[in-house]
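Survey of secondary and tertiary structure
Below are the chains, spelled out letter by letter.
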Amino acid sequence: MDLLSNCKSSKVLVPRLSSIACKCFALVIIVLVLRAAFVSTFFGGFEQNQIAISHNYSLSYMSEYGIRKDKFVEVPQIVWGLNNQKIAFARACLTARMLNRTLLMPSLSASLFYKEIDLLQPISFDKVFQFERFNSLCDGFVRLGHYSDISNHTSAFEVQKGSGRRWTIQRDMDQLRQSSQDPIDRYEVIRITGKNPFLWHDHWPVKDYARVFECLVLVDEIAKEADKVINKIREVGREVRGKAEVSQNDIHLEGHHLQPVSYVAVHMRIEKDWMIHCKKLEQRLNVSQICSSKAEITERVGNILGLKTPTVVYLAVADVLLEDSSILSGWKEGLLPFEKKKLGVDGIYKKENTEDDEDGRGELVRRWN
């Protein structure tokens, strides 16, 4: 207070401030005020945004520099039907994306078995989908690599995926964040072991899954076989439509038989493996809206708005797991159900050696709808 009063008095008595002590005192006050304001702003903001910064670090890095080509993620074989395998594959891709690593091309499965390891039929990803096309369409978002790209085949860090109710989504995310930092990030390959990627916790938005799905293009061999099935469906549809028009004395326009014929493809998920699973899931969650009976499925299809009849309904179902043999009956008038045997294309499915896995081949039909 004495120093401050002396500075005031010196300002009154002397036109120019000449006291060195007063100048130093004023400078110290200014520095302290600025320091307090800076510390409060910086640390307060850091504390509020710490989680967001940690979560988005690798994504912002990738958007500027692209996916690293010298760091890799390896995942277990992807199993179950093609729909589930697509989801599991996308989840593996998005996990590698968060770690800013290339996903080593995983093995898919051509069989229904997943618990009996000796009965699994692995099939390479590039035997089903176009490898180079995938990387081209998903450039800068996710990336696939070959095992031949690895320079050190002896050094890999294993990350064991947790399981059970105690392995929460937060613990799973914490594990991923830890894997994205040193010392784990120094390893060329991170090998994720444990359960099928379909069973991993889901951290990603739907739009990211859609982005990966858009990059999946079937190899020409499978695409051509799928086209054969679709052409057969449309052929039957044209015959049915033609008979209906003749019976109604409709006038046929020139080239009418060449016009595309719409159809409906339905995945009849009423096989015994799914019914066992969904019933247990309903009991555990105490709900009754997961399982669908044949009657419920036929009713929903019959209530599709704007559906013109007669229309062919192609039924995709795994015959070996079907307990209800009446899937072709009970449909609304004007809806004409066909499955692969009635359609006469069961030979195509056998040729593809799918073990009647309609969860995969039904997807091919829907994909080209």
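We now turn to the structure provided with this report.

Parameters at a glance
- Residues numbered from 1 in each chain as written.
- Predicted model: local features only at pLDDT ≥ 70, side-chain atom pairs only at ≥ 80, totals over all residues.
- Heavy atoms only, no water.
- Core = buried A, V, L, I, M, F, W, Y, C linked by side-chain atoms within 4.5 Å.
- Buried < 20%, exposed > 50% of the residue type's maximum accessible area, 1.4 Å probe, protein only.
- Helix = DSSP H or I, 4+ residues; strand = E, 2+ residues; numbered from the N terminus.
- Contact = heavy atoms within 4.5 Å.
- Arc of directions from axis to C-beta.
- Phe/Tyr/Trp six-rings, centres within 6.5 Å; stacked < 30°, edge-to-face > 60°.
- Lys NZ or Arg CZ within 6 Å of the ring centre and 35° of its normal.
- Pairing = 2+ DSSP bridges.
- Disulfide = S-S within 2.5 Å.

On to the nonpolar core, then. Membership of the largest hydrophobic core comes to 40 residues, with the highest contact counts inside it found for F89, L103, F125, F129, F134 and V212. Counting only elements with at least two residues in this core, the list comes to α3 (82–98), α4 (131–137), α5 (169–179), β7 (189–193) and α6 (206–213). Tallying contributions element by element places α3 first for this core, with nine residues. Once residues within four sequence positions are removed from consideration, F89 is found in contact with I78, L103, P106, F125, F134, L144, V212 and L216. The next biggest cluster of nonpolar side chains, apart from the first, holds 14 residues, and it includes V229, I230, V240 and A265.

All right, on to helix α9 (residues 294–302) then. Listing the buried residues of α9 in full gives K294, I297, T298, V301 and G302. Take α9 and look down its axis: the buried residues cluster within an arc of 135 degrees, on one side only. Turned more than 90 degrees off the buried face of α9, the exposed positions are A295, E299 and R300. At its buried positions, α9 is contacted by β8 (263–267) and β10 (335–338).

A few words on the packing of aromatic side chains. Counting across every chain of the model gives seven aromatic pairs. Judged by centre distance (5.4 Å) and plane angle (35 degrees), the rings of F125 and F129 are tilted. Neither residue differs from the other here; F125 and F129 are each classed as buried. The side chain of K161 reaches across the aromatic face of W200, ending 4.9 Å from its centre. Here the guanidinium or amino end of R211 rests over the ring plane of F141, the centre of that ring lying 5.4 Å away.

Attention shifts here to the pairing of strand β9 (residues 311–316). Among the six residues of β9, six are classified as buried, and the element is accordingly described as predominantly covered. Burial of β9 is two-sided: the residues T311, V313 and L315 facing one way and the residues V312, Y314 and A316 facing the other way are all buried. Sheet topology places β8 next to β9; five bridges connect them, and they run parallel. Following the sheet pairing, A265 is matched in β9 by Y314.

This part is about the state of the cysteines. Applying the stated criterion to the full structure yields two disulfides. Two residues share a disulfide in this structure: C138 and C215, whose sulfurs sit 2.1 Å from each other. Between C138 and C215, the S-S torsion sits near 90 degrees, and that sign places the bridge as right-handed. Of this pair, C138 sits in the loop between α4 and β5 (144–145) while C215 sits in the loop between α6 and α7 (220–247), placing them 77 residues apart in sequence. Comparing C138 with C215, the two get one shared label, buried. Here C278 pairs with C291 through a disulfide, and the sulfurs are 1.9 Å apart. The chirality of the disulfide connecting C278 with C291 is right-handed, given an S-S dihedral of about 120 degrees.

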